[in-house]
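For reference, the chains in residue letters:
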Amino acid sequence: MGKIIKVAGPLVVAELPGGKNGDMVEVGELKLIGEIIELKGNQASIQVYEETSGLKVGDEITSTNTPLSVELGPGLLSAIYDGIQRPLDLIMKESGNFIKRGVKVSKLDRKKKWHFVPVAKAGENVIQGDILGTVQETSLVSHKIMAPKGIQGTVDKIEEGDFTIDHPIAIVSGNKVTMVQKRPIRQRNLLDKKEAVTSQLITGQRIIDTLFPIARGGTAAVPGPFGAGKTVIQHQLAKWSNADIIIFVGCGERGNEMTDVLLEFPKLKDPKTGKPLMERTVLIANTSNMPIAAREASVNTGATIAEYFRDMGYHVALMADSTSRWAEALREMSGRLEEMPGEEGYPAYLASRLAAFYERAGYGECHGKDQRKGSLTIIGSVSPPGGDLSEPVVQNTLRVVKVFWGLDYKLAHARHFPAINWIMSYSLYVENLSPFLINEVADDFVKLREETLALLSKEDALDEIVRLVGLEALSEQEQLVLLVSKSVREDFLYQSAFDPIDQYSTLKKQYYILKLIISIFHNGKKILAQGLPLEEIKKITFYEELGKVRFVPENEMEEYYKTAKSKIDEEVKSLLGAVSQNV
Amino acid sequence: MYEIKEISGPLVLVGGCSGVGFDELVLIELKNQEKRNGRVLEVHNDLALVQVFEGTQGLDTKSLKITFRGKGLELGVSPDLLGRIFSGLGKPIDNAPEIIPEKKADINGATINPYARNYPNDFIQTGISTIDGLITLTRGQKLPIFSASGLPHSRIAAQIARQAHVKNKSDSFAVVFGAMGITFEEADFFITNFKKTGAIENTTMFINLASDPAIERIATPRVALTCAEYLAFDLNMHVLVILTDMTNYCESLREVSAARFEVPGRRGYPGYLYTDLATIYERAGRLKDKEGSITLIPVLTMPGDDKTHPIPDLTGYITEGQIILDRSLERKGIYPPIDPLPSLSRLRDKAIGIGKTREDHPSVANQLFAAYAKGREVRELVVVIGEGALSETDKKYMEFAEQFEMRFIEQGEEENRSIVDTLNLGWELLSILPRTELKRIKDEIFQKYAKKS
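Thresholds, definitions, all that
- Along each chain, residues carry numbers from 1 onward, in the same order as the chain's sequence is written.
- Ligands are numbered from 1 and chains lettered from A, in the order in which they are written.
- Since the coordinates come from a predicted model, pLDDT governs what is reported: local features require at least 70, and pairs of side-chain atoms require 80 or more to be given and counted, while whole-chain, interface and lining totals use all residues.
- To get the side-chain values, take all heavy atoms of the structure and skip hydrogens and water.
- Pairing between strands is defined by DSSP: at least two bridges between them are needed.
- The numbering of helices and of strands both runs from the N terminus, where a helix is a DSSP run of H or I of at least 4 residues and a strand a run of E of at least 2.
- Angles run from 0 to 180 degrees between N-to-C directions of axes, and those axes are lines fitted to C-alpha atoms, restricted for helices to the stretch in contact.
- Salt bridge, as used here, is a side-chain nitrogen of Lys or Arg placed within 4 Å of a carboxyl oxygen of Asp or Glu.
- Accessibility here uses a 1.4 Å probe with only protein chains present; expressed as a share of the type maximum, an area under 20% marks a residue as buried, one over 50% as exposed, and anything in between as partly exposed.
- Working rule for contacts: check all heavy atoms of both residues, and any pair within 4.5 Å makes them a contact.
- Cavity and pocket criteria rest on a 1 Å grid covering protein atoms alone: a 1.4 Å probe that fits but cannot get out defines a cavity, protein on both sides within 12 Å along at least 5 of 7 lines defines an open pocket, and an atom within 4 Å of a point defines a lining residue.
- Grid points are joined across faces, edges and corners, and a volume is the space filled by probe spheres set on the points.
- Charged residues are taken to be Asp, Glu, Lys and Arg, nonpolar residues to be Ala, Val, Leu, Ile, Met, Phe, Trp, Tyr, Cys and Pro, and polar residues to be all remaining types, Gly included.
- Where each domain begins and ends is defined by an automated method or by a domain database.
- One confidence number per residue, pLDDT, is output by the predictor and ranges from 0 to 100.
- Here, the term right-handed applies to a crossover whose path from the first strand over the helix to the second runs clockwise when the strands point away from the viewer.
- Accessible surface is computed with a 1.4 Å probe, and the buried area is the amount of it that two parts give up when combined, taken over both parts together.
- Two aromatic rings, drawn from Phe, Tyr or Trp (for Trp, its six-membered ring), form a pair once their centres lie within 6.5 Å of each other, and the interplanar angle then sorts them: stacked below 30 degrees, edge-to-face above 60, tilted otherwise.
- What qualifies as a polar contact is a pair of N or O atoms within 3.5 Å, subject to a donor-acceptor requirement within protein and to the restriction that residues adjacent in sequence count only when both atoms come from side chains.
- For this analysis, a nonpolar core means a set of buried residues of the types Ala, Val, Leu, Ile, Met, Phe, Trp, Tyr and Cys, connected via side-chain atoms within 4.5 Å.

Caption draft 1: Examining the sheet that holds strand β14 (residues 161–163) of chain A more closely. All names here are of chain A. Read across the sheet, four strands follow the order β12-β11-β9-β14 without closing on themselves; strand pairing throughout is antiparallel. Looking at strand neighbours, the two that pair on one side only are β12 (142–146) and β14, the edges of this open sheet. Between one strand and the next, the sheet's axes are offset by a mean angle of 35°, whatever the strand orientation.

And the structure:
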């Protein structure tokens, strides 16, 4: 038990003998939730996760003697939580449209009964992470109940039936095991063995999948100025990527964006199973006007939940929008603690905190005897002030992530979406993923990708020249590059997030579209080589059609490609044939 | 007995306190009976740091009578708020009596639970083509105007307030106007404008002029929004809130921060500027179980026309888009000088199209954007290589950009265009370009709506 001696915004200092760093405390009459972040003698500095208005010197503080933790078990999926895992729907029931302080709600539904089906048998020996049984939590996801940390030995008893999460489902060497476990949010839960990534997180977004792919278990950053479409990209990834579980952390962003997700996701169907996407999603919403300390916690809360599902052997993707707001929360608390500031007022430990967060991603073997594999992919958006990519949060993020999707306000102004700049972006996973792509799509897919990138970078260089001396100064070969790369940009890279067909392309479709565009390039070169003018290329019947390819439905794509391809080849053949006859 | 330890800038350090709560309201009485309001910024042992809204000019360390009120700053609300003019702290300044409050509401409000929100997707017709067609405003949206000194943001804001309405609906509509540190002329422009059109009946104004205490401005937007929340969520009205000028608000915030020796963020503004602005802007919105809504149009002037200055920058990260005014358009004599390219409404796509405006709206808007962007690019090119070197298509783009500015962006201050007129005008302009260039428009839409030339 302690007493407050100072209140400054979200920071409270209290005389609290026996407090441990990282422990959760209850502050004041309303029992606001806080966490000890610094100790000096008997004085504890506490960040409070709720508004501190009205707290007085002398108010009581009680330590719970446990670190800030999340509760993990059936009931997580399709939930919407605040930054410290309080369900927002229950808060609304308790306190109405506006969030009142000191609301106490249960993190998981304690009354609901889940049907537990044992996997482990009585008499079997289990270790930490072994799957004891499963609960079909939603029609999309089977929730695996794992032996929690510290539990191992012989299964004395295990039974099938409908239980609440607090009801013991098994007894392992004398210890009762329930379906719920607690994990502190600031502790990483490592994989048993991390491995190199081998499979791609397919997102259906052409510029991402084809040009700058991300691996399952990888990390990516999306920096960009406001209005460049960071959040739309994050939403598209949450909707369409082929992860088993999606954790979406809205960290210090707009309230209406979370509402959008909440209203839209239940309507969206999983492309493979036709089940609502919400059934594989956990939302964490700590909007910009909610307390800043909880914003700092929200990212870690998300990561801990993500790791839990990864431990079951699932492919999990975590989207954090935006990590800059999280960094700002660190900065504010650091300032209130009167720490020595680093760059732009951010604390000196910004880099290590960011690195530690992204390092929670990975692919490999989970705990448990069955050597199942899971992955956690982390995609963070960054909101640099003034779009300046040299600022500390972007720079420290780029040092740890392997994929960089740089958003460009110029593209956004021209309404080219996704506004990912193809010159400055990169992916370091291409080599790892090449076998996968060749296997899944086509032998020449990786080559096609390289050719496209080369074409685009050539265009960039030529643009410089055009700007100085005009289009006329270019050779016909160079004009061909401009012609085709324009088509790459407008007919392939441009993708509408709102058109029902265009918003998602399979890898196959991406391959076919690109193949058609590049075939124009190859044929164009042949035509020019024969001494024909550039205008002839524009006369190819299909050239006019290019803009429509992206609207061809998935199941008709292969047929479409074959017909178009043979038509182009035929026309070019007869064109070239005509020339050689004349000669 | 309280003891004044220190008076510096807008702050007063009070000693000998006990039981003083963080963020509570403080009443300060001077010897001459003058009363001032303050707010507790920090409590530490027996010390309380108080920010004085009316400034510390004339305060001394000996004779002040200090009362801690045990609660935050409140606004008394009642339907009588409409048609009235108040100071930045909510005191009547229109020579009419104080209102008799129905209830008192804390000006800091409370956070809307994201789960309780309803998505803003009702199209608001402002009668301004650039906004309706391209940067669509919706009910419950927060859409700022990024202006700069000398640009007609006040006229645009007043035009929106006058003309804004929702199609086929006769809901009760109100305007709440919060002025922070603007000049008397500007304030007078709005008052006269609202009076002339009769809109004053449904308007509540909170006015802090440039000559009023600077620290009072920190409370003004909150007071205005508290009034708006009452009108929207208690009286089920659709409320349009105009806050001008947010730059002055941020300056005051910086003043307090500097007086506290806080570690500054960019350009001396406090590190928590983003969070502080969010607690204002995020009060806009709609709720699932309430009729009313709060649509927020903050106006700010960009220092040095710089969009990357912390105030517009952080605002843009919170609001759902921005309307950016452009000096070069203004110089060409175009009103309203809204540059559509950097402007944006994030909520547009869910508020337009079939059943909302017209099915061709999304395609037309996207195509207009793309074509105007291209036209501007060509225009830049011409500066370097001359018009002669342009291809035929590029020349058409040039002409398009020209026409687009003169006919689509340009319109009268009293001109109220319907969305159908705006879209038809868009098609007329697009007909300048060949069909092959209109890649954002699908065939069926083109055939149905395109102007045959």
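Once the structure has been displayed, the description carries forward.
Caption draft 2: Just the pattern of salt bridges, in detail. All names here are of chain B. This structure, assessed with the given rule, holds 70 salt bridges over all chains. The partner of arginine 266 in a salt bridge is aspartate 313, and the shortest N-O contact between them spans 3.8 Å. Of this pair, arginine 266 sits in the loop between α5 (246–259) and α6 (273–281) while aspartate 313 sits in helix α7 (residues 310–318); the two residues are 47 residues apart in sequence, bridging distant segments of the chain. Owing to a relative accessible area of 24%, arginine 266 belongs among the partly exposed residues under this scheme.

Caption draft 3: Layout of helix α4 (residues 255–264) of chain A. Counting buried residues along α4 of chain A, nine of its 10 residues qualify, which places the element largely inside the surrounding structure. Within α4 of chain A the residues assigned to the buried category are Gly255, Asn256, Glu257, Met258, Thr259, Asp260, Val261, Leu262 and Glu264 of chain A. Looking at the buried side of α4 of chain A, the elements it contacts are β8 (80–81), α3 (230–240), β20 (245–251), β21 (281–286) and β22 (315–321) of chain A together with β10 (117–118) of chain B.

Caption draft 4: Up close: the pairing of strand β23 (residues 362–365) of chain A. Residues and elements named next belong to chain A. Across three bridges, the pairing between strand β18 (residues 193–195) and β23 is antiparallel. Bridging across to β23, lysine 194 finds its partner in glycine 364. With four bridges connecting them, β23 and strand β24 (residues 373–382) associate as antiparallel partners. Looking at the pairing, tyrosine 363 lines up with serine 375 of β24.

Caption draft 5: Focus on empty space enclosed by the protein. All chains considered together, the criterion is met by five cavities of 30 Å³ or more. Approximately 170 Å³ is the volume attributed to the largest cavity. Residue lining of the largest cavity: 18 residues in total, with Glu328, Arg331 and Pro385 of chain A together with Arg266 and Leu314 of chain B positioned closest to the centre. A per-element tally of the lining of the largest cavity places α7 of chain B first, with four residues. Looking at the lining of the largest cavity residue by residue, the classes come out as nine nonpolar, three polar and six charged. Roughly 100 Å³ of volume is contained in the second largest cavity. Arg39, Phe53, Leu73, Ile107 and Asn108 of chain B are the residues nearest the centre of the second largest cavity, which is lined by 13 residues in total. Split by residue class, the lining of the second largest cavity holds six nonpolar, three polar and four charged. There are two domains that each give the lining of the second largest cavity at least three residues, and those are domain 1 (3–68) and domain 2 (74–351) of chain B.

Caption draft 6: Structural view of the confidence of the model for chain B. In this model, chain B carries an average pLDDT of 92, and 98% of its residues clear a pLDDT of 70 or more. Across chain B, strand β13 (residues 145–147) of chain B holds the top mean pLDDT of 97, while strand β14 (residues 165–166) of chain B sits lowest at 83.

Caption draft 7: A look at the pairing of β20 of chain A. Residues and elements named next belong to chain A. Buried residues dominate β20, accounting for seven of its seven residues. Burial along β20 is two-sided: Ile245, Ile247, Val249 and Cys251 facing one way and Ile246, Phe248 and Gly250 facing the other are all buried. Of the strand pairs in this sheet, β20 and β22 are connected by six bridges, and their pairing is parallel. Within the sheet, the bridge partner assigned to glycine 250 lies in β22 and is aspartate 321. Relative to β21, β20 runs parallel, the two sharing six bridges. Across the sheet, the residue bridging to cysteine 251 is asparagine 286, located in β21. Crossover handedness for the path β20 to α4 to β21: right-handed.

Caption draft 8: Representation of the interface of chain A and chain B in the model. Contacts between chain A and chain B engage 74 residues on the former and 71 residues on the latter. When the two sides are added together, the surface that chain A and chain B hide from each other amounts to roughly 6200 Å², 56% of it contributed by carbon and sulfur. On inspection of chain A and its partner chain B, the count reaches seven salt bridges. Between glutamate 42 of chain B and lysine 6 of chain A there is a salt bridge, and its shortest N-O distance comes to 3.6 Å. Looking at the side of chain A that touches chain B, the elements with two or more residues in it are β1 (2–8), α1 (88–95), α4, α5 (292–311), α6 (323–336), α11 (445–469) and α12 (476–493) of chain A. With nine residues, α4 of chain A is the single largest residue contributor to the side of chain A that touches chain B. Within the side of chain A that touches chain B, the residues separate by chemical class into 29 nonpolar, 19 polar and 26 charged. Note: β1 of chain A against strand β4 (residues 35–44) of chain B, two bridges, orientation antiparallel. Bridging from a neighbouring strand, lysine 6 of chain A pairs with histidine 44 of chain B of β4 of chain B.

Caption draft 9: Geometry of the packing of aromatic side chains. Tallied over the full model, the rule gives 23 aromatic pairs over all chains. With centroids separated by 6.3 Å and ring planes inclined at 80°, the aromatic side chains of phenylalanine 226 of chain A and phenylalanine 146 of chain B adopt a geometry described as edge-to-face. Remark: phenylalanine 146 of chain B occurs in strand β13 and phenylalanine 226 of chain A occurs in the loop between β19 (219–223) and α3; the pair is interchain, linking two chains. As far as burial versus exposure is concerned, phenylalanine 226 of chain A and phenylalanine 146 of chain B are alike and both buried. Between the aromatic rings of tryptophan 427 of chain B and tyrosine 449 of chain B, the centroid separation amounts to 6.5 Å while the plane-to-plane angle is 15°, which identifies the pairing as stacked.

Caption draft 10: Local environment of the environment of phenylalanine 146 of chain B. Its relative accessible area of 0% is what places phenylalanine 146 of chain B among the buried residues. It is 6.9 Å that separates the C-alpha atoms of phenylalanine 146 of chain B and proline 312 of chain B, two residues lying 166 residues apart in sequence. For phenylalanine 146 of chain B, the residues in contact, after removing those within four places along its chain, are Phe226 of chain A together with Leu300, Met302, Lys307, Pro312, Thr315, Gly316, Gln322, Ile323, Ile324 and Leu325 of chain B.

Caption draft 11: Layout of the side chain of glutamine 411 of chain B. Residue and element names in this part refer to chain B. Position of glutamine 411 relative to the elements: it lies in the loop between α10 (392–409) and α11 (419–430). On the basis of relative accessibility, which here comes to 2%, the residue glutamine 411 falls in the buried class. Within the structure, the side chain of glutamine 411 is placed 2.8 Å from the backbone oxygen of glycine 127, a separation counted as a polar contact. For glutamine 411, the contacting residues outside a window of four places in its chain are Gly127, Ile128, Ser129, Gln159, Tyr335, Pro336 and Arg417.

Caption draft 12: Representation of the confidence of the model for chain A. Per-chain confidence: chain A averages 92 in pLDDT, with 99% of residues scoring 70 or above. The element-level mean pLDDT for chain A is lowest in helix α15 (residues 541–545) of chain A, coming to 80, with strand β25 (residues 403–404) of chain A highest at 97.

Caption draft 13: Spotlight on the domain arrangement of chain B. Residues and elements named next belong to chain B. Structurally, chain B comprises domain 1 (3–68), domain 2 (74–351) and domain 3 (361–452). On a C-alpha basis, the centroid separation for the pair domain 2 and domain 3 is 32 Å. At the interface, 27 residues of domain 2 touch 25 residues of domain 3. Here domain 2 and domain 3 share an interface that buries about 2300 Å² over both sides, 52% of which is from carbon and sulfur atoms. Among the salt bridges present, the one from arginine 162 reaches glutamate 414, with a minimum N-O distance of 3.9 Å. For the side of domain 2 that touches domain 3, the secondary structure elements donating two or more residues are β11 (123–125), α1 (129–134) and α2 (153–163). Among the residues making up the side of domain 2 that touches domain 3, the classes are represented as 10 nonpolar, 10 polar and seven charged.

Caption draft 14: Just the nonpolar core, in detail. Within the largest apolar cluster, 97 residues are counted, with the highest numbers of intra-cluster contacts made by Ile379, Trp405, Ile537 and Phe542 of chain A. Considering every element that reaches this core, the biggest residue donor is helix α13 (residues 507–529) of chain A, with 12 residues. With near-sequence residues (within four places) excluded, tryptophan 405 of chain A lies in contact with Ile208, Phe212, Ile214, Ala220, Ala221, Val222, Pro223, Leu237, Ile379, Ile420 and Ser425 of chain A. Among the nonpolar cores identified, the runner-up in size contains 74 residues, and Phe123, Ala148, Ala157 and Phe194 of chain B belong to it.

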